[in-house]
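# Analysis of the macromolecular model
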Amino acid sequence: MLNGSRYSTFILRGESNENLRGQYNFDANTPDLLSQCMFMTGEKGRMCWNEKTFLNPDDVSSENFKLICDLLYRLITEGLERGGNNRLQKMKDFELRNQDFCNAFREVKNIIYLYKKLSVRDRRKVNIYYLSIAHTINSYRYKKVSSFVSVTTDFKTANQFAQDVIIYGWVPQNIIYRNTLSIFSSIEYVITDNKSSIKQLGLPYCAMPVYPDQKEISLRCGLLPHFIIGFKIDKKFYVNPAIFVTMNKMEEMNSFRTLCSFRKKHDSWRITCGSN
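Overview of the structure. Given the structure is predicted, the values throughout are model-derived calculations rather than measurements.

This brings us to helix 4 (residues 85–97). Between its first and last C-alpha, helix 4 extends 18 Å over 13 residues, near the 18 Å set by a 1.5 Å rise per residue. Considered for burial, the residues of helix 4 that qualify are Arg87, Leu88, Met91 and Phe94. Angular distribution of buried residues about the axis of helix 4 spans 120 degrees; they occupy a single face of the element. In helix 4, the exposed residues that point more than 90 degrees away from the buried face are Asn85, Asn86 and Leu96. Where helix 4 is buried, its residues meet helix 3 (62–79), helix 5 (99–104) and helix 7 (120–137).

Shown next as structure tokens:
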């Protein structure tokens, strides 16, 4: 159903046993129990399972936006001052490629002035975009309260971060349908190197992300179970059992035409109804 679809993108996430135990109390050593948890609850951002506070992107007040800008400036500054050699070099490269963006947060009055002129929907879009950048900078302090989960479209990158498990999933693409942008409210994400919408709004944007080779996508709140295909441990793949319902329907079809019609109907349903 997903292979070759114009409306879906495959994603992957490398995970460690330490992180998995923090969420589920199970890890790659107990795959059956891990699968029960993951396919029921999904992979959550840290803010979903701890009591620490975080900045809310749904708050479109100028006061909250200033806090987001201050956080971003602080993380950029700290990233240029501390960390391992590789991280320091990545942040220096980031600053060099994005000098206008980094300098803009030294004095945020101009940014806030532009922000106030935006619609509520665009303000929220900017909040999510800036917080996703804060997430990709990957400050240890912010990581503890980030509302995002990082995934990638690149298998090599996922394999690099996969200490113990690789999660396979998908995200729906925002597409134009009957001259209207289809919004899938059940999952929100930011493609790290996609700055076009923020650029159009006239606000500071990143010309290139901190880790451009990682092809990162930041999922807000986490990867919901109905967007998880399965996960791999070593050479074994554990499939989300919900997938078998659709697979069984496809098995019953005795012609290519019927299969194509089924796929077309399924995609049309997703466009008009989202993924709910």
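What follows picks up the thread again.
It is worth spelling out the environment of threonine 152 at this point. With respect to the element layout, threonine 152 can be found in strand 3 (residues 148–152). Between the alpha carbons of threonine 152 and leucine 12 there is a distance of 5.3 Å; along the sequence they are 140 residues apart. What threonine 152 contacts, discounting residues up to four positions off in sequence, is Phe10, Ile11, Leu12, Thr157, Ala158, Gln214 and Lys215. Engagement of the side chain of threonine 152 in a polar contact is seen with the backbone nitrogen of aspartate 154, the distance being 3.0 Å.

The next thing to look at is the packing of aromatic side chains. The full count for this structure, using the stated rule, is eleven aromatic pairs. Between phenylalanine 101 and tyrosine 130, the aromatic rings sit 6.1 Å apart at their centres with planes inclined by 65 degrees, giving edge-to-face as the arrangement. Of this pair, phenylalanine 101 sits in helix 5 while tyrosine 130 sits in helix 7, placing them 29 residues apart in sequence. Like tyrosine 130, phenylalanine 101 is buried.

Rules used in this analysis
- Residues numbered from 1 in each chain as written.
- Predicted model: local features only at pLDDT ≥ 70, side-chain atom pairs only at ≥ 80, totals over all residues.
- Heavy atoms only, no water.
- Helix = DSSP H or I, 4+ residues; strand = E, 2+ residues; numbered from the N terminus.
- Expected span 1.5 Å × (residues − 1).
- Buried < 20%, exposed > 50% of the residue type's maximum accessible area, 1.4 Å probe, protein only.
- Arc of directions from axis to C-beta.
- Contact = heavy atoms within 4.5 Å.
- Polar contact = N/O pair within 3.5 Å; in protein donor to acceptor, adjacent residues only side chain to side chain.
- Phe/Tyr/Trp six-rings, centres within 6.5 Å; stacked < 30°, edge-to-face > 60°.

Keep in mind that these numbers describe shape and distance, not what the molecule does.
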